[in-house]
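Take a look at the letters that make up each chain.
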Number of protein chains: 2
Amino acid sequence: MVELDRRAELINRRLEELMSVYTEENAAHQLICAEAMKYSLSAGGKRVRPVLVMEFARIWGDSEGKAADSACALEMIHTFSLIHDDLPCMDDDDLRRGKPSCHKKFGEDMALLAGDALENYAFDVIASDDKLSFEQRVKLIKCLSEAVGVMGMIGGQTVDVRNVGKPFDAELLLKMYSMKTGALIKCACVMGCICAERYDMIPAAEEYAEALGLAFQIVDDILDITADEKKLGKPVHSDAELNKATYPAVFGLEAAKLRAEELTEKAVSVAEGFPDSGFLSELTKYLLKRDY
Amino acid sequence: MVELDRRAELINRRLEELMSVYTEENAAHQLICAEAMKYSLSAGGKRVRPVLVMEFARIWGDSEGKAADSACALEMIHTFSLIHDDLPCMDDDDLRRGKPSCHKKFGEDMALLAGDALENYAFDVIASDDKLSFEQRVKLIKCLSEAVGVMGMIGGQTVDVRNVGKPFDAELLLKMYSMKTGALIKCACVMGCICAERYDMIPAAEEYAEALGLAFQIVDDILDITADEKKLGKPVHSDAELNKATYPAVFGLEAAKLRAEELTEKAVSVAEGFPDSGFLSELTKYLLKRDY
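Residues numbered from 1 in each chain as written. Chains lettered and ligands numbered in written order. Predicted model: local features only at pLDDT ≥ 70, side-chain atom pairs only at ≥ 80, totals over all residues. Heavy atoms only, no water.

Asks: Got a minute to help me understand the overall build of chain A in this structure?
Replies: When helices and strands are tallied, chain A shows 15 helices and 2 strands. Over its C-alpha trace chain A gives a radius of gyration of 19 Å, about what one expects of a compact globule, namely 19 Å for 292 residues. Overall size of chain A, expressed as C-alpha extent along the three principal axes, is 55 × 45 × 35 Å. Taken across its 292 residues, chain A has 57% of its residues classed as buried. Counted over contacts in chain A with a minimum sequence separation of 6, partners at least 24 positions apart contribute 72%. Within the structure as shown, chain A displays about 11700 Å² of accessible surface, and the carbon and sulfur contribution to it stands at 50%. (Helix = DSSP H or I, 4+ residues; strand = E, 2+ residues; numbered from the N terminus. Rg over C-alpha atoms; globule rule 2.2 N^0.38 Å. Buried < 20%, exposed > 50% of the residue type's maximum accessible area, 1.4 Å probe, protein only. Contact = heavy atoms within 4.5 Å. Areas by Shrake-Rupley, 256 points an atom, 1.4 Å probe, with all protein chains shown as cover.)

Printed below as a string of structure tokens:
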């Protein structure tokens, strides 16, 4: 999707700028940590989360890209979670998007520290963003830290690693999805509203994000079962091999397809209610109507 | 030191309150992560950093304990760094203050996540602290994240893990100390000034903290060589066994003792210049004039 790529490129450029504060001059002895951070930050990915931050801000009146640094902060959090998820004590993945994962490239110690440093730098970037008021920065940090913590992403990872191979009921699966992937996606849309100072639009942003987040996860689960490995660009059937709980495993494949369909319609219909929402509607369809 | 213990107890109580937000009701499935966080947070330690935050705030006019949550946030950061430092891919320590380290008790995956969650919760706690203005909260988060990141604590850990067994020159050793342990101690004293809105006192706080931080580290190094194991409560000669660079190893034991003496005098003399500084002066002497 051309417009998504164009916007992702803006994020990539700003991420590079934010990482360029660490140089051979001021950080010679610890530059390897910054290199590991940059390596994983630039390893690709569609930049869906930061693009959502910027798009919600734009829809609600930010014409100056005030949300750019908040968007980058959220991508740093996402990247930190991928680095730590890939570690041997977690999912033990040697590859991430076809490249060696951070710990394969830099060692486990440096992957641990690079993840820690990205998590920390995300908050630094928001606190330092003087395009925004102090109140906005505090609200953004609160929103982000709640999405990351025990009640959000890290809580979801806890459920995930501690329940492999155990029977998942429907309630626990939905709870895990809403924490592990849903929380950051919702946070992205809410952060956009905060950057535009449209606190009144947060409930609608959350409604959209909840549908998008769950649909995105279900579509991922379905593709892992039905997709062609070459087309998907990553191994299929990996969930079943790892004995992981998924939406199709708990509810059945047909029910999963139906639910993905419903949620996609819901997300698109909420998006279409927003002003000037052409790109957001297109993005939503692009993310959810993948081949399966 | 009775007064230090009394103040540490106040910190302990507030830490417990802050951790009590995670309950069987709202976090049943991920409670193990919160348990691991609590385990390491309550594993003891003198609480020097949070006590410094509160004391600098008190000296400069905070009579209501406005700095308590910032103090707890800093202790969460310190604890997260200890949990990750103990992991097998870092120092691989099975014990921390005589108890099993977090990963020995809860598994490596949970220690990783508990550390991540404490790092994140620290920023949440400051952002949520409505006893402070938005401006104060942003300044505190900026101060803390700079102390934690690539130019601070994590940078120091990077130098530490990547230079084991290599020759350290004096400059690199001092740089590592100022990042690895100095940054958080300096941050503690500066955070206290921010909580009291006495930004004019930050330079003096930094002057005190730099002397205290380096002296504290040198005294630790000396004790590792000269102390009686029973008296110290932890194994001695561990630095030499690990082939770690230390102040005495680089500068010699006598020079180390002399420098510790000078820095202690410096820190005490700066402290004595502050109003109502009886406790701070006593604390400084207590921390630095340990037996060796």
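Asks: What is the right way to read the side chain of A:D62 from this model?
Replies: Residues and elements named next belong to chain A. Structurally, D62 is set in the loop between α3 (48-59) and α4 (68-86). Buried charged residue D62 carries no salt bridge. Nearest counter-charge: K66, at 6.0 Å. Within the structure, the side chain of D62 is placed 3.2 Å from the backbone nitrogen of G65, a separation counted as a polar contact. Aside from chain neighbours lying at most four places away, what touches D62 is A57, A67 and A196. (Lys, Arg positive; Asp, Glu negative; His and termini not counted. Salt bridge = Lys/Arg side-chain N within 4 Å of Asp/Glu carboxyl O. Polar contact = N/O pair within 3.5 Å; in protein donor to acceptor, adjacent residues only side chain to side chain.)

Asks: Mind showing me how you'd approach unusual backbone geometry here?
Replies: Keep in mind that most residues, glycine aside, have a negative phi and that most peptide bonds are trans. All names here are of chain B. Even without being glycine, R47 reaches a positive phi, approximately 65 degrees. For R47, the position within the fold is in the loop between α2 (31-41) and α3 (48-59). Phi at D276 takes a positive value of approximately 50 degrees, unusual for a residue other than glycine. Tracing the backbone shows D276 in the loop between α14 (253-272) and α15 (278-288). The exposure class of D276 is exposed, given its relative accessible area of 58%.

Asks: Explain helix α14 (residues 253-272) of chain A to me, please; I cannot follow it from the model alone.
Replies: Residues lying three or four places apart along an α-helix face the same way, a consequence of the helix completing one turn every 3.6 residues. Residues and elements named next belong to chain A. With 20 residues, α14 should reach 28 Å at 1.5 Å per residue; the first-to-last C-alpha distance of 28 Å fits that figure. All of the buried residues in α14 are A256, A260, L263, T264, A267, V268, V270 and A271. Summarising the axial view, the buried residues of α14 lie within an arc of 160 degrees, below the 170-degree limit, and thus occupy one face. Exposed and facing more than 90 degrees away from the buried side of α14 are E254, L258 and E265. Contacts from the buried residues of α14 go to α10 (202-226), α13 (247-251) and α15 (278-288). (Expected span 1.5 Å × (residues − 1). Arc of directions from axis to C-beta.)

Asks: I'm lost on the interface of chain B and chain A in this one. Help?
Replies: It is common to report an interface's size as the accessible area lost on association of the parts. On the chain A side, the residues contacting the 49 residues of chain B number 49 residues. Scanning the region where chain B abuts chain A turns up 2 salt bridges. When the shortest N-O distance is used, the salt bridge between B:D109 and A:R162 registers 2.8 Å. Applying the counting rule to chain B against chain A returns 14 residue pairs in polar contact (both at pLDDT 80 or more). At the level of secondary structure, the elements contributing two or more residues to the side of chain B that touches chain A comprise α2, α4 (68-86), α6 (108-127), α7 (134-148), α8 (153-162) and α9 (170-195) of chain B. Ranked by residue count, the leading element in the side of chain B that touches chain A is α6(B), at 12 residues. Residue composition of the side of chain B that touches chain A, grouped by class: 27 nonpolar, 12 polar and 10 charged. (Nonpolar A, V, L, I, M, F, W, Y, C, P; charged D, E, K, R; others polar.)

Asks: Before we go on, may I ask you to explain the relation of the copies chain B and chain A in this structure?
Replies: The two chain copies are related to each other by a rotation about an axis together with a translation along it. Laying chain B over chain A is done by rotating through 180 degrees and shifting 0.0 Å along the axis; what remains is an RMSD of 0.0 Å. The operation mapping one copy onto its partner corresponds to a two-fold rotation axis. Within chain B, the C-alpha atom positioned nearest to the axis of rotation is that of B:F134, 2.7 Å from it. Counting the interface residues of chain B, we find that 100% of their copies in chain A are interface residues as well, pointing to one common contact surface. (Least-squares fit on C-alpha atoms with pLDDT ≥ 70 in both.)

Asks: What am I meant to see in the nonpolar core here?
Replies: In globular proteins that are soluble, nonpolar side chains generally tend to be buried together. Core analysis: the biggest nonpolar cluster contains 218 residues, and A:L52, A:Y208, B:L52 and B:Y208 have the highest contact counts within it. Excluding residues that lie within four positions of it along the chain, B:L52 makes contacts with B:I185, B:A188, B:C189, B:Y208, B:L212, B:L280 and B:L283. (Core = buried A, V, L, I, M, F, W, Y, C linked by side-chain atoms within 4.5 Å.)

Asks: It is not clear to me how a negative patch on the surface should be interpreted in this structure. Could you clarify?
Replies: Where like charges cluster on the molecular surface, the negative patch consists of A:D91, A:D92, A:D93, A:D94, A:E108, B:D91, B:D92, B:D93, B:D94 and B:E108. On the secondary structure map, B:D91 appears in the loop between α4 and β1 (95-96). (Patch = residues over 30% accessible without salt bridge, like charges linked within 9 Å, V, L, I, M, F, W, Y side chains within 5 Å. Charge placed at Lys NZ, Arg CZ, Asp CG, Glu CD.)

Asks: Hey, could you run me through the packing of α9(B) against helix α10 (residues 202-226) of chain B in this one?
Replies: Axes are the key here: two packed helices are described by the angle between their axes and the distance separating the axes. All names here are of chain B. Running from N to C, α9 and α10 cross one another at 140 degrees; their axes reach a closest spacing of 8 Å. Between α9 and α10, the crossing angle belongs to the class labelled oblique. As for how α9 packs across α10, the hand of that crossing is right-handed. Only I202, A205, E206, Y208, A209, E210, L212, G213, L214, Q217 and D221 of α10 make contact with α9, whose side of the interface consists of L174, Y177, T181, I185, K186, C189, V190, C193 and I194. Partitioned by chemical class, the residues of the contact of α9 with α10 number 13 nonpolar, 3 polar and 4 charged. (Axes fitted to C-alpha atoms, helices over the stretch in contact; angles between N-to-C directions. Parallel < 35°, antiparallel > 145°, perpendicular 65-115°, else oblique. Left-handed = near helix turned anticlockwise from the far one by under 90°.)

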